[in-house]
Amino acid sequence: MSETKHKSPYALEVRGLTRSFGKRKVLDNVSFQVKHGEILIIMGGSGCGMSTLLRHIIGSLKPDAGEVYIDGTEITKLNDLELAKVRKRFGMLFQTGALFNSLTVGENVALPILESSDVAPHIAELVVKLKLELVGLTGFEHLKPAQISGGMKKRVGMARALALDPDLLFCDEPTAGLDPVMTAVIDTLTVDLTKKLGLSAVVVTHDMTSAFRIATQMIFLFEGKVIAAGTPEEIKANPNPILQQFINGDADGPIPLKLSKDDYLKRLLQA
Amino acid sequence: MLRAYTELSLQAFASIFAHSPLFGQRGWRLSALFDQMVAIGVASMPTVGLANFLLGIVLAIQGAGQFEKLGATDMVANLVAFSVLREIGPLITAVIVIGRSGSAITAELGTMKVAEEIEALNVMGIDPVKYLVVPRLLAMILMMPVLTVLGEGVGLFAGWLISVTALHLNPIFYVSNSIDAVEQKDLFSGLLKALFFGAAVGTVACYYGMQVEGGAEGVGKATTKSVVTCLTTMLAMDALLTTLIYFVL
Amino acid sequence: MQITERTEENIPIISISGDIDLESSPKLRAFLKPKSSQKTPKLLLDFGGVNYIDSSGLATLIEYFQAVQSFGGKLTLASLSPRVKNVFEIVRLEQIFSLHPDVPSALAALKA
Ligand SMILES: Nc1ncnc2c1ncn2[C@@H]1O[C@H](COP(=O)(O)OP(=O)(O)OP(=O)(O)O)[C@@H](O)[C@H]1O
Ligand SMILES: [Mg+2]
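No experiment lies behind these values; they were computed from the predicted model shown.

Caption draft 1: Seen up close, the coordination of the magnesium ion (ligand 2). Residue and element names in this part refer to chain A. Only Ser51 (OG) and Gln95 (OE1) from the protein coordinate the magnesium ion (ligand 2), and they sit 1.9 to 2.1 Å from it. Remark: glutamine 95 occurs in the loop between strand 6 (90–93) and helix 3 (105–116) and serine 51 occurs in helix 1 (residues 50–57); sequence separation between them is 44 residues. Glutamine 95 gets classed as partly exposed once you look at its relative accessible area, which sits at 35%.

Structure representation (structure tokens):
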């Protein structure tokens, strides 16, 4: 949509999001905003709740507390029908790709187009070609997901997420499993989409090179809380030792491993 | 659980009616429906035929054993015709369809659920009930009576075949006996049962598939539960319908 | 989306205004279909009033372009807003479509 149609200065606003699974608080009072046209990078240790956070933002999971505003519309309390309407403006790339295994690559990308409109199949076919070219997969329309590699599945997932020209793009580890060149292609694409078309993007990634290359804003999740937020420069300059250990990829530091070494040896030798 | 099942079923039937061609909607997904009719119906035909054939033989021989004592072996024709149309045909057909297609539906939907495919549909604004459940349920409801009629035909033929060969009954006399023994009502009560079985198996199998949690193990567990529930539901429904038909018609 | 047509120096000029999206692109397609079946030799699309085009809109134009190529016709697009132009550029379509800043230059290109 054209920029003039925005209702709120923020494409996405998350306020006080809290969610527990059993006794474990996976998300603890998470708040942040994404302005239109920005790329927000979510970082954090594996298993610290980043995918869970995305699931709450797209309305697949309901929080215990807190709100999610998509361009000013609060979505955690919407019914299925209202939610479906808001979701038409989303594109989502799942961590696992979540492709439909019974459909070909081309059919996967065409599905959202054919299901949500009356466009002719030939038009949908052309759109599929445009989207596959964006992710460097021209000519792979006729393969089934089982016949392509993990990194290719990710890229098909990206093409499918872009099929309906979303205003808001969510990517869960878009470059995991991609070689450096393809990573650069996807990074450039994400930046182009935001810069040239005014999309807003929320990207979860563990890839620090890629993160600092594309981010306009970053947040760092640790034990369910946002412990650092800011522009890439601010994050780099943030003295928080946990954050620095993560950015620099050091094995030693304040981030606790699951069990300390002593504890591990003690448990190992227990009868 | 029962509530979730009822909700899904109501949603599915509402979707079937809301998108039926009668209301000039964009319609059911006809190609998906057709695919499912082939998967559920056409592919089941050999097994359904074989099961009914074997039971037709068993019925005729078992009946002959009893009727011989009364000196009324001719009555085998009546027994086979009556029980195949009213009971054995719909029942054994449903058992086969549950084992073949009911389990397949649960496993397929369950696999899609754990692979996040259903969540992906939701996020794209595509209603999984309309997209996945409706074609399967509708195919089940349409194909169960078709398969039942086919199975009944084969069962009747098997009874006739064994009677004229092994039991040396008169082939023509057997047929006229069969026709005398049954009424239209017998045929319809069998088909009515098949229709209900189709609806029950379709909704139960889809429900168990859509609620799978926890990976491949969850899919396996759900499939087992689905088959058991389909069988017991179908038998309970059979008892209920048989009683109703007996007292009402 | 609104479509109007006028002729200038025997060349049909189609002015489009509004959004070309999933809802309206079938209308544009229906409008272009007879142009390609009549083998219209030269056609100018005036995008002056277009503030948004999505991929289905692009696909509609590509489809027409394919048809035009089969009979050696010419197609030019004029007055694309920067954002609309970006949509073309992201998928490198500026390399196949002839894009012009205004109607007179697009007309000139058609006559050349
Ligand atoms: N449905 C669920 N039920 C119970 N626990 C869950 C559920 N979903 C997620 N969790 C737990 O929440 C935590 C966060 O999971 P999540 O998938 O969000 O991790 P993540 O940050 O995306 O990790 P990764 O980077 O490895 O993908 C995990 O410890 C997981 O066990
Ligand atoms: Mg994750």
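Past the structure itself, the notes keep going.
Caption draft 2: Representation of the sheet that holds strand 4 (residues 65–70) of chain A in the model. Residues and elements named next belong to chain A. Within the open sheet, the four strands sit side by side as 2-1-4-5. Their pairing is antiparallel. What marks the edges here is a single partner per strand, and that holds for strand 2 (24–35) and strand 5 (73–74). Across five bridges, strand 1 (residues 10–21) lies against strand 4 in antiparallel orientation. Within strand 4, the residue paired with threonine 18 across the bridge is alanine 65. Against the sheet, helix 1 touches strand 1, strand 2 and strand 4, its axis set at about 60 degrees to strand 2.

Caption draft 3: Quick look at the site of ligand 1. All names here are of chain A. Taken together, 13 residues are adjacent to ligand 1, and Arg24, Ser46, Gly47, Ser51 and Thr52 come closest. Within the backbone of glycine 49, a nitrogen or oxygen atom sits 2.8 Å from an oxygen atom of ligand 1. Contact with the protein chains removes 61% of the 640 Å² of surface that ligand 1 exposes when unbound. Those elements that place two or more of their residues in the shell around ligand 1 are strand 2 and helix 1. Examining the composition of the shell around ligand 1, we find that three residues originate from one element, helix 1, more than from any other.

Caption draft 4: Highlighting the environment of B:Thr111. Residue placement: B:Thr111 occurs in helix 4 (residues 76–114). Residues B:Thr111 and B:Gly220 lie 109 residues apart in sequence; the distance between their C-alpha atoms is 9.6 Å.

Caption draft 5: View of the interface of chain B and chain A. Taken together, the contacts link 15 residues of chain B with 21 residues of chain A. With both chains or domains summed, chain B and chain A bury close to 1600 Å², and 52% of this area falls on carbon and sulfur atoms. A salt bridge links A:Arg55 to B:Glu119; the shortest N-O distance between them is 2.8 Å. Residue contributions to the side of chain B that touches chain A peak at six residues, all from helix 5 (residues 117–123) of chain B. In terms of residue class, the side of chain B that touches chain A is made up of eight nonpolar, two polar and five charged.

Caption draft 6: Spotlight on the layout of surface pockets. Approximately 1600 Å³ is the volume found for the largest pocket. Lining the largest pocket are 43 residues, with A:Asp80, B:Ile118, B:Asn122, B:Asp127 and B:Pro128 sitting closest to its centre. Broken down by secondary-structure element, the contributors of at least two residues to the lining of the largest pocket are helix 2 (80–87) and helix 3 of chain A together with helix 1 (2–18), helix 4, helix 5, helix 6 (128–165) and helix 8 (184–210) of chain B.

Caption draft 7: Inspection of the pattern of salt bridges at higher detail. Residue and element names in this part refer to chain B. Here the structure, examined in full by the defined rule, presents 22 salt bridges over all chains. As a salt-bridge pair, glutamate 108 and arginine 136 come within 3.1 Å of each other at their nearest N and O atoms. Placement of glutamate 108 in helix 4 and of arginine 136 in helix 6 is noted, with a sequence separation of 28 residues between them. Classification of glutamate 108 as partly exposed rests on a relative accessible area of 33%. Take arginine 136: its relative accessible area is 5%, and that puts it in the buried class.

Caption draft 8: The arrangement of the chains, seen in detail. Contacts are most numerous between chains A and C, taken over all two pairs of chains that touch. The smallest C-alpha distance separating chain B from chain C is 15 Å, and no contact links them.

Caption draft 9: Spatial organisation of the interface of chain A and chain C. Taken together, the contact pairs 23 residues of chain A with 23 residues of chain C. When chain A packs against chain C, close to 1900 Å² is buried across both sides, 65% of that on carbon and sulfur atoms. Seen at the junction of chain A and chain C, the total is one salt bridge. A:Glu133 is paired through a salt bridge with C:Arg92; the nearest N and O atoms lie 2.4 Å apart.

Rules used in this analysis
- Residue indices follow the written sequence of each chain, beginning from 1 at its first position.
- All chains are assigned letters beginning at A, and all ligands numbers beginning at 1, according to the order in which they are written.
- pLDDT decides what is reported in this predicted model: residues at 70 or higher carry local features, side-chain atom pairs at 80 or more are listed and counted, and totals for whole chains, interfaces and linings draw on all residues regardless.
- As a rule here, side-chain values cover all heavy atoms of the structure and leave hydrogens and water aside.
- Sites may look incomplete, because water is not among the atoms used; the donor set itself consists of N, O and S atoms within 2.8 Å of the metal (3.2 Å for Na, K and Ca).
- Each helix is a run of DSSP H or I of at least 4 residues and each strand a run of E of at least 2, with the numbering of both proceeding from the N terminus.
- Throughout this description, buried means an accessible area under 20% of the type-specific maximum (1.4 Å probe, protein chains only), exposed means over 50%, and partly exposed covers the range between.
- What makes two strands pair is DSSP finding at least two bridges between them.
- Here, residues are in contact when the closest pair of their heavy atoms is within 4.5 Å.
- Note on geometry: axes are lines fitted to C-alpha atoms, helical ones only across the stretch in contact, with angles between N-to-C directions running from 0 to 180 degrees.
- Whether a residue is near a molecule or strand depends on its heavy atoms: it is near if one of them lies within 4 Å of it.
- Identification of polar contacts relies on pairs of N or O atoms within 3.5 Å, with a donor-acceptor requirement for protein atoms, meaning one able to donate a hydrogen and the other able to accept it, and with residues adjacent in sequence counted only if both atoms are side-chain atoms.
- Note on areas: Shrake-Rupley, 1.4 Å probe, and residue coverage restricted to the protein chains presented here.
- Two parts lose some accessible area (1.4 Å probe) when they are put together, and adding that loss for both gives the buried area.
- We define a salt bridge as a side-chain nitrogen of Lys or Arg found within 4 Å of a carboxyl oxygen belonging to Asp or Glu.
- The nonpolar class holds Ala, Val, Leu, Ile, Met, Phe, Trp, Tyr, Cys and Pro. Asp, Glu, Lys and Arg form the charged class, and all remaining residues, Gly among them, are polar.
- Put simply, the grid is 1 Å and covers the protein atoms alone, a cavity is a trapped set of points that fit a 1.4 Å probe, a pocket is an open set with protein on both sides within 12 Å along at least five of seven lines, and lining residues have an atom within 4 Å of a point.
- Grid points are joined across faces, edges and corners, and a volume is the space filled by probe spheres set on the points.

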